[in-house]
Amino acid sequence: MAAPTSHDAGIVTPEAILLEFSEAGLGSRSLAFIVDLGVRLGIFWAIMVGLGLAAPIVGETVVVVVMIVSIFSILLVYPVVCEALWNGKTVGKMLVGLRAVTVEGAPVRFRHAAIRSALGLVDFFASAGTIAILTSLSTRQSQRLGDLAAGTIVIRERQAGAHAQPIIFQPPMGWEPFVAGLDTSTIDDEDYVLVRAFLLRVRELRSVARQERAQELAVWVAGRLGVDVPAGHPPETFLVAVASAYQARHASPSSSSVAAPPPGFAPPGSTPPPVRPGCSSPRVAPMATRRVRAVIGPTRPSPSCSLSGQSS
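Reading the values: rules and limits
- Every chain is numbered on its own, with residues counted from 1 as its sequence reads.
- Where totals are concerned, whole chains, interfaces and linings use all residues; where local detail is concerned, this predicted model gives features only for residues with pLDDT of at least 70, and gives and counts side-chain atom pairs only at 80 or more.
- By convention in this description, side-chain values take in all heavy atoms of the structure and omit both hydrogens and water.
- Helix and strand labels come from DSSP, where a helix needs a run of H or I of at least four residues and a strand needs a run of E of at least two; each type is numbered from the N terminus.
- The rule is simple: take the accessible area with a 1.4 Å probe, protein chains only, and divide by the maximum for that residue type; under 20% is buried, over 50% is exposed, in between is partly exposed.
- Residue contacts follow a heavy-atom distance rule, with two residues in contact if any of their heavy atoms lie within 4.5 Å.
- What makes a nonpolar core is a set of buried Ala, Val, Leu, Ile, Met, Phe, Trp, Tyr and Cys residues whose side-chain atoms join them at distances within 4.5 Å.
- Each residue after the first adds 1.5 Å to the expected span of a helix.
- N or O atoms within 3.5 Å of each other form a polar contact, as long as, within protein, one can give a hydrogen and the other can take it, and as long as residues adjacent in sequence are counted only when both atoms are side-chain atoms.
- Without a salt bridge and with relative accessible area above 30%, a residue can belong to a patch; like charges are then joined within 9 Å and nonpolar side chains (Val, Leu, Ile, Met, Phe, Trp, Tyr) within 5 Å.
- Shrake-Rupley sampling with a 1.4 Å probe provides the accessible areas, and residues are treated as covered by the protein chains on show and by no other component.
- Salt-bridge detection follows one rule: a side-chain nitrogen of Lys or Arg within 4 Å of a carboxyl oxygen of Asp or Glu.

> Sorry, what's going on with the overall build of the protein here?
Looking only at helices and strands, one finds 11 helices and four strands in the protein. A burial count over the protein gives 46% of its 312 residues as buried. Long-range pairs, those at least 24 residues apart, make up 78% of the contacts in the protein between residues at least 6 apart in sequence.

Here's what the structure looks like:
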């Protein structure tokens, strides 16, 4: 298997559209921080001017309370709100062309942004940026302390070629009733990202690792869905069926016209049984997903499945 490079990353949409990115360097991240610092100082200055004008009316106590709350909000709340609402971006990241994502390439959520912001006090302010610089230089994916704790990386957005096409996981031949009856509401975006990453890289895996990881992932996904893996069929085919059902659940009207065969799986020999409750247990999830991620590495874009101008 070809090892993934340390500077490849990506974000995937429900239609398996991979957006090509490279990890942000120390220089661009520093520039984004300086811009955000300027925004914070500007907000603080505006608040101080307002408090100065209102002090004779509201009194000294109110001014002190508002000042303390303002400092807290500017330091902690500002980056959390920006990254949670703007898909991993702050004003500085937006201007420089950066975005925070999870290490799997999925969009950051509120908890990721909150952890990054809280440890930003240590990374940037308590140590005058020394810890952020040292950890970014010493980690493979240029992660600062907040990134390591939150499981995130900062990437530089890069537009993909105009010729690239999205990949739609069509139901495997003969599996249409199975896909139609499959309820994927119990799996989330991160689960789908893992399944998608495995299917797109499956041909890079060696035969033994491919079979073992496919079986582990299929059993785990089946446990999450509460169904059995259809007996007598390749686990990769079951995973394609799951990806197809997930896409159908989240598809936009414009996505249905674009189709491409999912790579690296064998077509089924016969129609699988109808969907029925299974006995698979999701308790195997942590070990199975760690082993699968260890083999496929971080989400990495493929030249055949990149599309600019899309986001999840």
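Now that the structure is up, let's keep going.
> Before we go on, may I ask you to explain the environment of Leu31 in this structure?
Summarising the element assignment, Leu31 is placed in helix 1 (residues 26-58). When its relative accessible area of 46% is taken as the criterion, Leu31 is described as partly exposed. When the C-alpha positions of Leu31 and Val96 are compared, they lie 7.4 Å apart, and in sequence the two are 65 residues distant.

> Looking at this structure, how should I read the nonpolar core?
Across soluble globular proteins, nonpolar side chains have a tendency to be buried as a group. Membership of the largest hydrophobic core comes to 30 residues, with the highest contact counts inside it found for Phe169, Leu199, Val221, Leu225, Phe238 and Leu239. Counting only elements with at least two residues in this core, the list comes to helix 7 (176-180), helix 8 (189-201), helix 9 (207-225) and helix 10 (235-250). Among the elements that take part in this core, helix 10 stands out by supplying eight residues, more than any other. In this structure, Ala24, Ala32, Leu98 and Val154 belong to the second largest nonpolar core, which totals seven residues.

> For this particular structure, what's the right way to read helix 8?
The α-helix winds at 3.6 residues per turn, so residues separated by three or four positions along the chain end up facing the same way. Taking 1.5 Å of rise per residue, the 13 residues of helix 8 would be expected to cover 18 Å, and the 18 Å separating its terminal C-alpha atoms lies within 8% of that figure. Among the residues of helix 8, Asp191, Tyr192, Val193, Leu194, Val195, Arg196, Ala197, Phe198, Leu199, Leu200 and Arg201 are the ones counted as buried. Two or three places before Asp191, at the start of helix 8, stands the capping residue Asp188, its side-chain oxygen 2.9 Å from that residue's backbone nitrogen.

> Can you walk me through a nonpolar patch on the surface in this structure?
A cluster of nonpolar residues, Phe72, Val77, Val81, Leu85, Trp86 and Met94, forms a patch on the protein surface that exposes about 590 Å² of accessible area. Following the sequence through the fold, Leu85 ends up in helix 2 (residues 60-85). Note on Leu85: relative accessible area 66%, which makes it exposed.

> Looking at this structure, how should I read helix 9?
Compared with an ideal rise of 1.5 Å per residue, which puts 19 residues at 27 Å, helix 9 spans 27 Å between its outermost C-alpha atoms and is within 8% of the ideal. Here helix 9 has its buried residues at Arg213, Ala214, Glu216, Leu217, Ala218, Trp220, Val221, Ala222, Gly223 and Leu225. Gly226 sits one or two positions beyond helix 9 and adopts a positive phi of about 75°.

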